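What follows is the residue order along each chain.
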Amino acid sequence: MSQRYQAPFGPQGTSPIDPRLAEKLLAVALSKGGDYADLFFEYEVSGSYGYEEGILKSAGRGVSMGLGVRVRKGDATGYAYCEDFEVDAMERAAKTAAQIADAGGKEPVGLAPLDTPKRYHVELYSLDVAGETKRELLRRADEAARAADPRVSRVEASLSESLREILVATSDGTMVHDVQPLIRFGIRVIAEQNGKRQAGSSGGGGRMGLEYFEQRSPEWHAKEAVRQALTMLDAREAPAGEMEVVLAPGDSGILLHEAVGHGLEADFNRKKTSNYTDQIGQRVASDLCTVVDDATLASSRGSVNVDDEGNVPRSTMLIEKGILRGYMQDRQSTEFFGGAPTGNGRRESFKSHPMPRMTNTMLLAGQDDPEEIVKSVKKGVFARKFGGGQVDISNGDFVFSLTEGYLIEDGKITAPLKGVNLIGNGPDVMRKVVMLGSDMELSDGIWTCGKEGQSVPVGVACPTVKISGMTVGGTQVG
């Protein structure tokens, strides 16, 4: 437990929620005839530090807490929340959510505590560490970046941290508690030369404390950001047209997440708005491709011990050797499609309803030598780092920009490229995977997924991938 921050509703809190009180609130929630109800208690403390131009420019800390009450009646959902844990306030929220129903209903089942796995073990939460320690980490990054090369003209470093404590109680008898730490470090540098300016960045984190920096120091990230910026100073205009593309391992998994993963979330398929609707058992990708969503990875940014509906997540097979095997499910979609919950019911906060969301989405490794993959390309693009992009979740059409990309010529990575956009369709790209490396990497904890106005932390992973053809939106034709 945190030395400073503990949820009022937790075992050591000032207003602990015991099974008897939770059952009472669930009974109120079902009093108008709902079929199912759940309570989502949340307490979250967050902190942030921003270091610019050699000084700590900003520091902040905030606390949010409350209870969300959901009542379901058939396909209809009633939702209400309150921002304190007084019994009267919680009962009012339960009565409000109950209004979705007007007849029939069930009695809540007696609550039984649910044991969860331990997927993130932290000796000392970062929020319990003095701010001076975090400022020193940022100063070290700033100093290392400036010392790396005289062409570095600007450095910005940041650290964000949070501790989220949740308690979920459901009318079918589950009561489960979890504490979810999270940190994220980032650095961005600007390098200038002969009137040209280029940016470079690096970052990482996960569900851990400051021991993260024993794996990747601030100096390592600073040098990586400087390397990228200096490399891109020599970048040439990108070619345009259809060509072979090789994706680097790790962060390239964000393309899989955005262009394919969302289409595999069960709500889009229940509503028949996904390209993957009604295709279970059908071929949807190259037979090299096996895609899983796995919340069990130790300390990864997307991992959780329990989802926000009280289900323990597992590794879920989505695509196996090119064949669609299943979707990521929340409770409502599980009832629609049948089967067991996959533990993908997630929400941004107690103010939001849960829905199917990704955790750590991964394209598993193949058997090809990464060097041989590059050697096999006559002329193409090597995509090392992705920036922003746009995706039509319903059909997988995407445009992604690269922050670091290179030309491949005669089997060798040559000139850095600027202004590279990759344009395509997720399902189409998955069918064009022709080589898959043996070097799968998990992203270093930087990604956040947005859906319907809700943000949740996620992880992505993939090996080196060769795609036989993709539209490259550059400026050089021919």
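Just so it is clear, the structure is predicted and the values come from calculations on it, not from any experiment.

Moving on to the sheet that holds strand E21 (residues 441–442). Sheet strands pair by backbone hydrogen bonding; their relative direction is either parallel or antiparallel. Across the sheet, which stays open at both edges, the six strands sit in the order E12-E11-E10-E15-E24-E21 with mixed pairing between neighbours. Looking at which strands have only one partner, the edges of the open sheet turn out to be strand E12 (323–324) and E21. As defined by bridge partners, strand E11 (residues 315–320) adjoins E12 across two bridges and the pair is classed as antiparallel. Paired with Ile319 across the two strands is Leu324, which belongs to E12.

Looking now at the pattern of salt bridges. Enumeration according to the criterion identifies 36 salt bridges in this entry. Notably, a salt bridge pairs Glu52 with Arg154, separated by 3.4 Å at the nearest N-O pair. Note that Glu52 is positioned in strand E1 (residues 36–52) and Arg154 in strand E5 (residues 152–170), a separation of 102 residues in sequence. For Glu52, a relative accessible area of 26% puts it in the partly exposed group. A salt bridge links Glu161 to Arg61, with the shortest nitrogen-to-oxygen separation between them at 3.5 Å. Here Glu161, found in strand E5, pairs with Arg61, found in strand E2 (residues 55–73); they are 100 residues apart in sequence, far enough to count as distant. Shared partners join several salt bridges into a network, and the residues in it are Glu52, Glu53, Lys57, Asp142, Arg146, Arg154 and Glu156.

For Asn194, which is not glycine, the phi torsion reads 50° and is therefore positive. Relative to the assigned elements, Asn194 resides in the loop between strand E6 (174–193) and strand E7 (196–206). The exposed category is assigned to Asn194, whose relative accessible area is 73%. One non-glycine residue, Lys272, lies in the positive phi region at around 60°. Mapped onto the elements, Lys272 comes out in the loop between helix H7 (266–270) and strand E10 (291–294). On the basis of relative accessible area, Lys272 is assigned to the exposed category, the value being 53%.

What follows is about the domain arrangement of the protein chain. Looking at the assigned domains, one finds that the protein chain contains domain 1 (19–234) and domain 2 (237–477). Taken over C-alpha atoms, the centre of domain 1 sits 23 Å from the centre of domain 2. Taken together, the contacts link 52 residues of domain 1 with 41 residues of domain 2. Between domain 1 and domain 2 the total buried area reaches about 3600 Å² when both faces are included, carbon and sulfur atoms providing 47% of it. Of all residues in domain 1, Arg119, Arg207 and Met232 give up the largest surface area on contact with domain 2, accounting jointly for 19% of the area buried on that side. On inspection of domain 1 and its partner domain 2, the count reaches eight salt bridges. Across the pair Lys385 and Glu224 runs a salt bridge whose closest N-O atoms are separated by 3.5 Å. On the surface where domain 1 and domain 2 come into contact, there are 26 residue pairs in polar contact (both at pLDDT 80 or more). Breaking the side of domain 1 that touches domain 2 down by element, the ones donating at least two residues are E1, E2, strand E3 (76–82), E5, E6, E7 and helix H5 (218–233).

A separate point is the packing of helix H3 (residues 131–148) against H5. Pairs of packed helices are described in terms of their axes, by the angle between the two and the distance that separates them. At their nearest, the axes of H3 and H5 sit 8 Å apart, and the two run at 40° to each other. Taken together, the axes of H3 and H5 lie oblique to each other. Relative to H5, the crossing made by H3 is right-handed. In this structure, H3 uses Leu137, Arg140, Ala141, Ala144, Ala145 and Ala148 to contact H5, whose residues at the interface are Pro218, Glu219, Ala222 and Val226. Of the residues contributing to the contact of H3 with H5, the split by class is eight nonpolar, no polar and two charged.

What follows covers the packing of helix H1 (residues 19–29) against helix H2 (residues 87–98). Where H1 meets H2, the closest approach of the two axes is 7 Å, and the angle between their N-to-C directions is 35°. Pair H1 / H2 crosses with right-handed handedness. In this structure, H1 uses Leu21, Lys24, Leu25, Val28 and Ala29 to contact H2, whose residues at the interface are Val87, Met90, Glu91, Ala94, Lys95 and Ala98.

Given a rise of 1.5 Å per residue, 18 residues ought to cover 26 Å, and the 26 Å separating the end C-alpha atoms of H3 matches this to within 8%. All of the buried residues along H3 are Lys134, Leu137, Leu138, Ala141, Asp142, Ala144 and Ala145. The buried residues of H3 occupy an angular sector of 165° when the element is viewed end-on, so they sit on one face. Exposed side chains of H3 directed beyond 90 degrees from the buried face belong to Glu132 and Ala147. Buried residues in H3 make contact with E1, E2, E5, E6, helix H4 (212–215) and H5.

In this numbering, the UniProt entry assigns the feature "domain: Metalloprotease TldD/E central" (unreviewed entry) to residues 128–233. When the span residues 128–233 is considered, its composition is 36% helix and 47% strand, and the gap between its end C-alpha atoms is 41 Å.

Before going further, it helps to spend a moment on the nonpolar core. Inside soluble globular proteins, nonpolar side chains tend to come together where they are buried. In this structure, Ile319, Leu363, Phe386, Leu422 and Met430 are the most contacted members of the largest nonpolar core, which totals 48 residues. In terms of residue count, helix H6 (residues 253–261) provides more of this core than any other element does, five residues in total. Every residue in contact with Met430, bar those within four places of it in the chain, is listed here: Leu256, Val260, Val284, Ala285, Ser286, Cys289, Val291, Ile319 and Leu363. Core analysis: the next-biggest nonpolar cluster, separate from the first, contains 36 residues, Leu39, Leu67, Leu111 and Tyr125 among them.

Its place among the elements puts Ser252 in the loop between strand E9 (239–247) and H6. Other than its neighbours up to four places away in sequence, Ser252 contacts Leu247, Ala383, Phe386 and Cys462.

What follows is about the packing of aromatic side chains. On inspection of all chains with the given rule, the structure shows ten aromatic pairs. Here Tyr81 and Phe350 contribute two aromatic rings whose centre-to-centre distance is 5.6 Å and whose plane-to-plane angle is 75°, an arrangement assigned as edge-to-face. Taken together, the residues span a long stretch of sequence, with Tyr81 in strand E3 and Phe350 in the loop between strand E13 (345–346) and strand E14 (355–356) at a distance of 269 residues. Centre to centre, the rings of Phe398 and Phe400 are 5.6 Å apart; their planes meet at 45°, and the pair counts as tilted. Under the relative-accessibility criterion, Phe398 is labelled buried at 2%. The lysine or arginine in question, Arg216, covers the ring of Trp220, its NZ or CZ lying 4.0 Å from the ring centre. A cation over a ring is seen here: Arg347 above Phe40, with NZ or CZ 4.0 Å from the ring centre.

Parameters at a glance
Residues numbered from 1 in each chain as written. Predicted model: local features only at pLDDT ≥ 70, side-chain atom pairs only at ≥ 80, totals over all residues. Heavy atoms only, no water. Pairing = 2+ DSSP bridges. Helix = DSSP H or I, 4+ residues; strand = E, 2+ residues; numbered from the N terminus. Salt bridge = Lys/Arg side-chain N within 4 Å of Asp/Glu carboxyl O. Buried < 20%, exposed > 50% of the residue type's maximum accessible area, 1.4 Å probe, protein only. Domains from an automatic or database assignment. Contact = heavy atoms within 4.5 Å. Buried area = accessible area lost by both parts, 1.4 Å probe. Polar contact = N/O pair within 3.5 Å; in protein donor to acceptor, adjacent residues only side chain to side chain. Axes fitted to C-alpha atoms, helices over the stretch in contact; angles between N-to-C directions. Parallel < 35°, antiparallel > 145°, perpendicular 65-115°, else oblique. Left-handed = near helix turned anticlockwise from the far one by under 90°. Nonpolar A, V, L, I, M, F, W, Y, C, P; charged D, E, K, R; others polar. Expected span 1.5 Å × (residues − 1). Arc of directions from axis to C-beta. UniProt positions renumbered as here; feature names shortened; annotations may be inferred. Core = buried A, V, L, I, M, F, W, Y, C linked by side-chain atoms within 4.5 Å. Phe/Tyr/Trp six-rings, centres within 6.5 Å; stacked < 30°, edge-to-face > 60°. Lys NZ or Arg CZ within 6 Å of the ring centre and 35° of its normal.

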